[in-house]
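Breakdown of the fold
Residue strings, one per chain:
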Amino acid sequence: MAATFPDITPSSRNLTMGDLPSKVYRSMSGATVRRAFGNKKTEYRMKLQFKNLGDDVSVLGGTQRTVKEILDHYCDANGTFDKFNLGLGLIRGMGTDTANYFRGSASQSPEVRWRYAKPPEVQSVKAGLSNVSVELIGEINA
Amino acid sequence: MDSQIRVCQFIKIEPSKGEDKYYQNYFIKETKTFKGKPYSFAPFEAEGGVSSLNADNQQITIRLPASEYAIRLVEEGDGNRLSKLLLCTRFITASGGIPSTGPEEYYVGIGAAFSDDTIELRFRSALDGVAGGFPASTLTERNVGILPLESNLSLR
């Protein structure tokens, strides 16, 4: 397991709940039959936007979190391969119950492990500042 | 009209050597007691024919990810040759209950195949495809001779 995601609070956060793995058979009559293939929900998604992050520590007086921390974490996690825990920063601002739910400490928490769903995207907006888009996916490990 | 089904497949594999293996593919990361045995979770899928009138021993495939335990299954089972498979299908209730009755099929292992991310265990249906007109009696060594181990048998 890779290190916890850096403690950086996102500018925006978009969470999508997981679902039961299932297929729908839809007949010509319109009647449908749904078949579930497992008893736990999977494929939770978390889309994060980090706006105006310094590219390195020399920007904004050297006190800011940086783009490089996210990129280093992505490398540490072997890209989309390794799992990691969500850091506190990712759920900052969320209500306690919901935060506990996604951090895995609530009784009904999803039994998922988080990974990068795709490589982070870095958009340069000004000299030394960038926006970073990160998408995580929470899946059940077999 | 709308209907929901939850299907769990339980497999018991008796390798030609080594211990019997018990797996189910619905209750994720759970071990379920079925027929008095603990069935642990394995992400497998079963695919293929089950039976036919012509006794042509339809093939089914159990596909597993190429994980450590699946490789061990093949290696300990001598490449899945002559292993025995019992495949039980159960329609799980909404509350997660497992019915005691349901389809059960027996198969004989005929080999395995590896790909970059999966392992396929191949089986043929056991001696169950007797066509109509054949006397309703048990096939024994006394009335048909020595039975073939690979389960292919043609009576004319």
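Everything in this summary refers to the structure shown in the same document. (Residues numbered from 1 in each chain as written. Chains lettered and ligands numbered in written order. Predicted model: local features only at pLDDT ≥ 70, side-chain atom pairs only at ≥ 80, totals over all residues.)

**Remarks on the pairing of strand S9 (residues 118-125) of chain B**
Residues and elements named next belong to chain B. Going by this rule: The rule for pairing is simple: two strands pair if DSSP sees at least two bridges between them. Segments assigned H or I by DSSP are reported as helices when at least four residues long, segments assigned E as strands when at least two residues long, and all are numbered from the N terminus.
Pairing analysis gives 7 bridges linking strand S6 (residues 59-65) to S9, with the strands arranged antiparallel. Looking at the pairing, Gln 59 lines up with Arg 124 of S9. Relative to S9, strand S8 (residues 104-114) is paired through 7 bridges, and the arrangement is antiparallel. Looking across to S9, one finds that Phe 114 is bridged to Ile 119. With antiparallel pairing between neighbouring strands as the criterion, S8 and S9 make up a hairpin whose turn holds 3 residues.

**Re the nonpolar core**
As a reminder of what qualifies: In this description, a nonpolar core means buried residues of the types Ala, Val, Leu, Ile, Met, Phe, Trp, Tyr and Cys, linked to one another by C-beta atoms lying within 7 Å. Burial is judged by counting other C-beta atoms within 10 Å of a residue's own C-beta: 20 or more means buried, 12 or fewer means exposed, and anything between counts as partly exposed, with every C-beta placed from the backbone.
Of all hydrophobic cores here, the largest spans 22 residues; its most connected members are B:Ile11 and B:Ile119. When residues of this core are traced back to their parent elements, those giving at least two are strand S1 (2-14), strand S2 (21-24), S6, helix H1 (68-76), S8 and S9 of chain B. Element by element, the count of residues in this core is highest for S1(B), at 4 residues. Residues A:Leu53, A:Trp114, A:Tyr116 and A:Leu136 belong to the second largest nonpolar core, which totals 17 residues.

**Description of the interface of chain A and chain B**
Rule in force here: Residues are defined as contacting one another if the C-beta atoms placed from their backbone atoms lie within 7 Å. Gly is put with the polar residues, along with every residue not named as nonpolar or charged; the nonpolar set is Ala, Val, Leu, Ile, Met, Phe, Trp, Tyr, Cys and Pro, and the charged set is Asp, Glu, Lys and Arg.
Each side of the interface is counted separately: chain A has 12 residues, and chain B has 14 residues. Classifying every residue of the side of chain A that touches chain B by side-chain character gives 5 nonpolar, 3 polar and 4 charged.

**Things to note about unusual backbone geometry**
Residues and elements named next belong to chain A. Residue Glu 43 is not a glycine yet carries a positive backbone phi of 60°. Mapped onto the elements of the fold, Glu 43 is located in the loop between strand S3 (32-36) and strand S4 (44-54). Of note in this structure, Asn 52 is not a glycine but carries a positive phi near 55°. With respect to the helices and strands, Asn 52 occurs in strand S4.

**As for H1(B)**
All names here are of chain B. The condition that has to hold: Summarising the geometry, the arc corresponds to the directions from the helix axis toward the C-beta atoms.
Looking at H1, one finds that the buried residues are Ala 70, Leu 73 and Val 74. For H1, the angular spread of buried residues about the axis comes to 90°, placing them on one side. Residues of H1 that are exposed and point over 90 degrees away from its buried face: Glu 68, Tyr 69 and Arg 72. Phi for Asp 78, located one or two positions after H1, is positive at around 55°.

Purely geometric stuff here, so don't read any function into it on its own.
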